Each structure stands twice: as structure tokens, then as C-alpha cells.
Amino acid sequence: QVQLVESGGGSVQAGGSLRLSCAASGYTYSRNYMGWFRQAPGKEREGVAAINPSGGSTIYADSVKSRFTISRDNAKNTLYLQMNSLKPEDTAMYYCAVKTIGGSPLNPRNYGYWGQGTQVTVSS
């Protein structure tokens, strides 16, 4: 059974940094795109970043480009999201997920396995 467990969230001031981790198990992790998504209260879930199976190609939402970096360590079955220059609007629950069908890597509907999320709160 696929299990995804996020960690690394917390509260930081604007301009600060956090690194999120997602430990995966029960899946052939290296064969799929992986992604980070976020959802704030009252807002739709949005794609933040995605990374191809080998880790050689990434895609980011315009809102986080140049500030966030997604990476993966397939040997450790772990996905990461380095978040720098955090802004209050980055405040949300962050989820990692495994892409299971074709289509846009930033479309959450193309992801079939999800973690429970880790909260990120950025204060001004």
C-alpha cells in the first residue's frame, strides 16, 4: 500500500526558509512524477512543483518559481521541497503526491496517491 508522509512544516517569518520532506513507501517511486501541492482555507488545491522520475526535469508554479526547489532522492524514496524567501501567501497545508496518469504535472487530478500534509505558516 502506498504511504506518503510529509514533514518539515512549521511557522516562519516572511523571508525565511523551510525544507519539506516526503517519505514514500509501498510504491515504485522512481517510475513516476512526484509533486508538491498546497491548499489554503477557502482556496482550491494548487500545484506548486513537480519533478520527473529521474529528477532531471522540474516544473514550478509561477508564484513560487525562483524561490522553491523540488528534488528527489530515489534511493531514499524521498521527495523534498526547499522553500526560500517565504511569503505570507505561501501559508497553506502542503501535500506530496504521486502522479499516476498522463497530463499536466501541476494538475492535482493527475495524481493518485497523497500524503496527509504538513502545515506551513508564514507570518509578516
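No experiment lies behind these values; they were computed from the predicted model shown. Residue numbers run consecutively from 1 along every chain, following the written order of its sequence. Reporting in this predicted model follows two pLDDT cut-offs: at least 70 for local features of residues, and 80 or more for side-chain atom pairs to be given and counted; totals over whole chains, interfaces and linings ignore these cut-offs and use all residues. Side-chain descriptors were evaluated using all non-hydrogen atoms of the structure, hydrogens and water having been removed beforehand.

J.: What is the right way to read the nonpolar core from this model?
T.: It is characteristic of soluble globular proteins that their nonpolar side chains tend to be buried jointly. For the purposes of this section, nonpolar cores are sets of buried Ala, Val, Leu, Ile, Met, Phe, Trp, Tyr and Cys residues that join through side-chain atoms within 4.5 Å. Exposure categories follow from relative accessible area, calculated using a 1.4 Å probe and restricted to protein chains: below 20% of the type maximum is buried, above 50% is exposed, and the middle band is partly exposed. In this structure, Trp36, Leu79, Leu81, Met83 and Tyr94 are the most contacted members of the largest nonpolar core, which totals 29 residues. Pairs of residues are marked as contacts when any of their non-hydrogen atoms sit within 4.5 Å. Aside from chain neighbours lying at most four places away, what touches tyrosine 94 is Glu6, Leu20, Trp36, Phe37, Arg38, Val48, Phe68, Leu81, Met83, Gly117, Thr118 and Val120.

J.: Please explain the pattern of salt bridges as it appears in this structure.
T.: Where side chains of opposite charge bring their charged atoms close, a pairing between them can arise. In the sections that follow, a salt bridge refers to a side-chain nitrogen of Lys or Arg positioned within 4 Å of a carboxyl oxygen of Asp or Glu. Evaluation of the coordinates by the stated rule reveals 4 salt bridges. Between aspartate 90 and arginine 67 there is a salt bridge; the shortest N-O distance is 2.7 Å. In this pair, aspartate 90 is assigned in the loop between strand 8 (78–83) and strand 9 (92–99) and arginine 67 in the loop between strand 6 (58–60) and strand 7 (68–73), connecting sequence segments 23 residues apart. Since its relative accessible area comes to 10%, arginine 67 is described here as buried. Where salt bridges share partners, they join Arg38, Glu46, Arg67 and Asp90 into one cluster. Numbered from the N terminus, helices here are DSSP runs of H or I no shorter than four residues, and strands are runs of E no shorter than two.

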